[in-house]
Structures are given as structure tokens and as C-alpha cells.
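# Coordinate inspection notes
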Amino acid sequence: MSKSVQGFSKLTKDEKIEWVTTNFTQDPNAAKALLKSYWNSDSKLQRLHDEFIENTLTNHYLPFGVAPNFLINDQLYTIPMTIEESSVVAAASKAAKFWKDRGGFKTTILGTEKIGQVHFIFDGDSSKLWEFFTKIKPRLGEDASELTANMVKRGGGITNIELRDKTNDVQGYYQLHCTFETLDAMGANFINSCLEQFAKTLKNEAQHYTPFTEAERNIEVVMSILSNYVPNCLVRAEVSCPVSELKSSAVSPEEFAQKMVRAVQIAQAEPHRAVTHNKGIMNGIDAVVLATGNDFRAVEAGIHAYASKDGKYTSLTHARIENGQFYFWMEIPLALGTVGGLTSLHPLVKVALEILGKPSAPELMQIVAVAGLAQNFAALRSLVTTGIQEGHMKMHLLNILNQLGATEVEKKELTNYFKKNTVTHSSVVAAFENLRNN
Ligand code: HMG
């Protein structure tokens, strides 16, 4: 079914809903009513959400939960998580509780450098380009000074601009590779504005640079954009405890520690496993990134690139046993903000940041990394002991009952029943049908 439309963006929200439901749904009235039932009754709040994106029809809810008991650098946090997948919040909470009694999580900020690049084509004598760059480098910063004034006042700004020769990759391709300190802002707008100014200065200065030939003066700027790969905006999160304290009901502490280390080694060696292993880590990371109004696509892209930084996709976490001590840790790049963007607009994001004690961006990096590490610990613990399905299905029970259309009374009865019985999709269906038929 393909339908095109002209001027859709100019229609009112009601007209857009009318067009979509009439053209694409079997029961337009029911679809219309459903879409509108997700509108917020507070029209001001609804307008705010409408204006976050374009062509908004309604809201798409995700659950917002919390995982308490996270001891991070001796400070207790309750971590807000926005996610649709059952068992993630429970797993994070269980790991938090476990590590709280074993010294908690330790974190370190290893860097906060953000990156942006001006990609351009220069057709000519590269030695002249290097001389030209040395000459105009101070000018690049000066021309952007209006844009950077406030950031500089707060202690941030442009930290370096380098010329990079990429002509081995693409004919005539050079970059201005630029680094920034953006403090508590994620910095995308700041960086992109600076880069666009650098591009203007680059082009203008080239046009008046007499050593260049006519052709060399015509630098072609292809694009100016930040990079979501920030390997020097890095945070480390870790836990450790004596192996003897790794109590798990299913196996001995020693066996458990070894199984955990082996599970990580497998993810380090085998990309198919590494992707799923890292997906489990992203369960925790994305949930906190979303709850705090940050850009999870940027975070995802950057972290997966980091997981391949040595030429092969591998595990983000590491584990070892040394002198009877179990160590489990992870280093990940995270460009996050706690000011600007959605953080000051979305009412729930504001609450999430308040629950976290209004963290700075580096503090939020540490919290997010811990959520990822905790999630991986919980998933691996289940995988190497009971198997993932036991805990996951236990948490998924209500979803299955909702799919089956169970009433509140039926849900209560079946939840009780499955406290002592194994949850699988078919066992829930059978128990539900049994209850209904009786
Ligand atoms: P359990 O031992 O049956 O839970 O674990 P429990 O009922 O004994 O409760 C222990 C604690 O767990 C609770 O303490 C909570 O902290 C938490 P309390 O609050 O009682 O003091 N907890 C809950 N928190 C909130 N709501 C709940 C709840 N239940 C327990 N309803 C659990 C059950 C699911 C936690 C455990 O089996 C587990 O951690 N499983 C791992 C689940 C997981 O990793 N899910 C992610 C989705 S699967 C996936 O996508 C990733 C994966 O593919 C990644 C990979 O392959 O590496 C697996």
C-alpha cells in the first residue's frame, strides 16, 4: 500500500491523523480514538511533546522505572530507567543489591574530549596546504570566539584543531580534526556551530592566500559535523570482591567466578556472542540514557565502534581472577549532557536527573557505565547458572497474561501459581486456559 501526499507537514494534527487513519487502517475511527487516547489531558504538556519532533500524531509511552541500591564510589543512587523490556530493571536492581554488600561499584573518568570534523577536498600541493593551515590556525579559533565565549567562561571550549591528510582514502580528502571540552553539555549544537564557522574561515582564507594557485584557492568543504565516536570521552566502571564472596545458589563461588570469566572470554573471542553480550550491557546503558533525555543513537553508535576499535568486534566487559579476587570491569565512551537539549525541556527527564541528585555530565557518565556493567553481571550470572529464561520469563509473566487478556483476578491467581511453577509461554497459556475453563 503506497500513498504519497503533498504538503503533509502543513496539515493540522487532526488532519494528519485523519489522513493516516483513513489511508492505512482498517477501522479509522478506532485508530483515531486510540491515537487520541494517548494525548495528555494537559494541553500545554501535550504541545511541548508535539513540538519535540515533526508530524507528531500522539505519544508513544515507554515505562519509566527505577533500580535502587546502587553504591557508586561510596555514594548511594537510585537509577531511573526507561525501557520496554521486562527483567532489565529487576536484573539491574538485583546486581546493585549484590554489589552494595561487596564494596559497591568504583568508577573513573578517563577523559571528556568531544570530537568534530570539517571534511574538505583540496586539489593541489599538500605542502602548501600545511603551511596555509599553520598560518590560519589561530584565526579559526578567533573567528569562532563569539560562539565559544560562554563555554570558555565556564571552563570549556575548543581544545585543539589539527589538519589531517586522508588522501590515501579518498582523492584530495583532508580534515580539520577538532577537539572540544563541552563540560555538562553533550555539545552537539556547540560543536556543529564551531565547525561550520571553521569551514567558513577555511574557505575564505584560502581564497586570499596568494601562494595557492587559482585551483588550490577553491577548497571544497564537503561537510562539517561532530563525531559520535568519542574514544577519549571515556569512563571506567568496575567491581571486585574475594571469589569466596561470590555466592550463588546454583554453583560454588569458585565455579561461578570461573564460569563468569569464561563467559567473558567467549564474548571476547566470538563476535556473534559479543553482540548479544554487549546488547545486554546496552539494556542498562540505553535505559538510563533515555530516562535522562540523552541521545541513545549517538551512544549506541559510539559504543559499538569502540567495541571494534582493535579491528574486531568484541566484548565491552572484562573479567579476571587474581590472587583469589574476582575483578569485573568495563571502559566505554559516553558523550552525555545534563544541561541543554531535552534535559531542560522534558518534565520526566528533569525528575530523572533530580532522582540522581542533579549530576554533572561526568557523574552521569559514571552512573550510566555502572548500569551497563550491572546489567552484564546480572545477565551473565543467570546465563552461567540457571539459564536466562527462568528469571526473564518470571518477569515476562504479566506481558503474556496481558496478551491473553487475563483479568486482574486471573492475573493475581496465576502470578501466585507461577511462584512455584516454571514460566514458559506454553505453561502460562495452559494454566490460563485451565483457570478460564474452570
Ligand atoms: P530472582 O533471584 O528470582 O529475584 O531474580 P528475587 O525475587 O529473589 O529478588 C531478588 C532481587 O532482584 C530483588 O531484591 C530486586 O532487587 C530484584 P528486593 O527488591 O526483593 O530486595 N528483583 C526485582 N526488582 C524489581 N521488580 C521485580 C523484581 N524481581 C526481582 N519484579 C531476576 C530474578 C530477573 C532479577 C534474575 O533472574 C536476573 O537478573 N535475570 C537476568 C535478567 C536479564 O538479564 N534480563 C535482560 C533481558 S535478557 C537480554 O536481553 C540480555 C541477554 O541476552 C544478554 C546476554 O546474553 O548477555 C541475556
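Residues numbered from 1 in each chain as written. Predicted model: local features only at pLDDT ≥ 70, side-chain atom pairs only at ≥ 80, totals over all residues. Heavy atoms only, no water.

## Concerning empty space enclosed by the protein
Put simply, the rule reads: We place a 1 Å grid over just the protein atoms. Points where a 1.4 Å probe fits but has no way out form a cavity, open points with protein on both sides within 12 Å along at least 5 of 7 lines form a pocket, and any residue with an atom within 4 Å of a point lines it. Grid points are joined across faces, edges and corners, and a volume is the space filled by probe spheres set on the points. A run of DSSP states H or I qualifies as a helix once it reaches four residues; a run of E qualifies as a strand once it reaches two. Both are numbered from the N-terminal end. For this scheme, ten residues count as nonpolar: Ala, Val, Leu, Ile, Met, Phe, Trp, Tyr, Cys and Pro. Four count as charged, namely Asp, Glu, Lys and Arg, and the remainder, Gly too, count as polar.
Here the structure, examined in full by the defined rule, presents one cavity of 30 Å³ or more. Here the largest cavity defines a volume of roughly 60 Å³. Looking at the lining of the largest cavity element by element, the count peaks at three residues for helix α11 (residues 296–307). Class assignment for the residues of the lining of the largest cavity results in seven nonpolar, two polar and no charged.

## Structural notes on the pattern of salt bridges
For side chains bearing opposite charge, pairing can occur when the charged atoms are close. What counts, and what does not: Here, a salt bridge means any Lys or Arg side-chain nitrogen found within 4 Å of an Asp or Glu carboxyl oxygen. Exposed residues in this analysis have more than 50% of their type's maximum accessible area, buried residues have under 20%, and partly exposed residues fall in between, with area computed by a 1.4 Å probe over protein chains only.
Counted by the stated rule, this structure contains 19 salt bridges. One salt bridge in this structure joins K32 and E18, with 3.2 Å as the shortest N-O distance. Of this pair, K32 sits in helix α2 (residues 28–37) while E18 sits in helix α1 (residues 13–24), and the two are 14 residues apart along the sequence. Note on E18: relative accessible area 37%, which makes it partly exposed. Residues joined by salt bridges that share partners form a network here, namely R139, D143 and E205.

## Structural notes on the sheet that holds strand β9 (residues 317–322)
Selection rule: Here, any two strands with at least 2 DSSP bridges between them count as paired. A fitted line through C-alpha atoms serves as each axis, taken over the contacting stretch for helices, and the angle formed by two N-to-C directions is quoted from 0 to 180°.
Taken in spatial order, the four strands line up as β3-β8-β10-β9 in an open sheet, and their pairing is antiparallel. Edge strands, defined here as strands with exactly one partner in the open sheet, are β3 (106–109) and β9. Across the sheet, the axes of successive neighbouring strands diverge by a mean angle of 20 degrees, strand direction being ignored. The pairing of β3 with strand β8 (residues 234–242) spans four bridges and is classified as antiparallel.

## Details of the packing of helix α10 (residues 271–291) against α11
Our working definition: Angles are sorted into four bins: roughly parallel if under 35 degrees, roughly antiparallel if over 145, roughly perpendicular if 65 to 115, and oblique for all others. Crossing handedness is read from the near helix: turned anticlockwise from the far helix by less than a right angle, it gives a left-handed crossing, and turned clockwise, a right-handed one. Any pair of residues with heavy atoms lying within 4.5 Å of one another is described as a contacting pair.
Put simply, α10 and α11 touch, their axes get as near as 10 Å, and they point 150 degrees apart. Looking at the two axes, α10 sits roughly antiparallel to α11. Every pair of crossing elements has a handedness; the one defined by α10 and α11 is right-handed. Contacts between α10 and α11 involve N278, M282, I285, D286, V289 and L290 from the first element and F296, V299, E300, I303, H304 and A307 from the second. Partitioned by chemical class, the residues of the contact of α10 with α11 number eight nonpolar, two polar and two charged.

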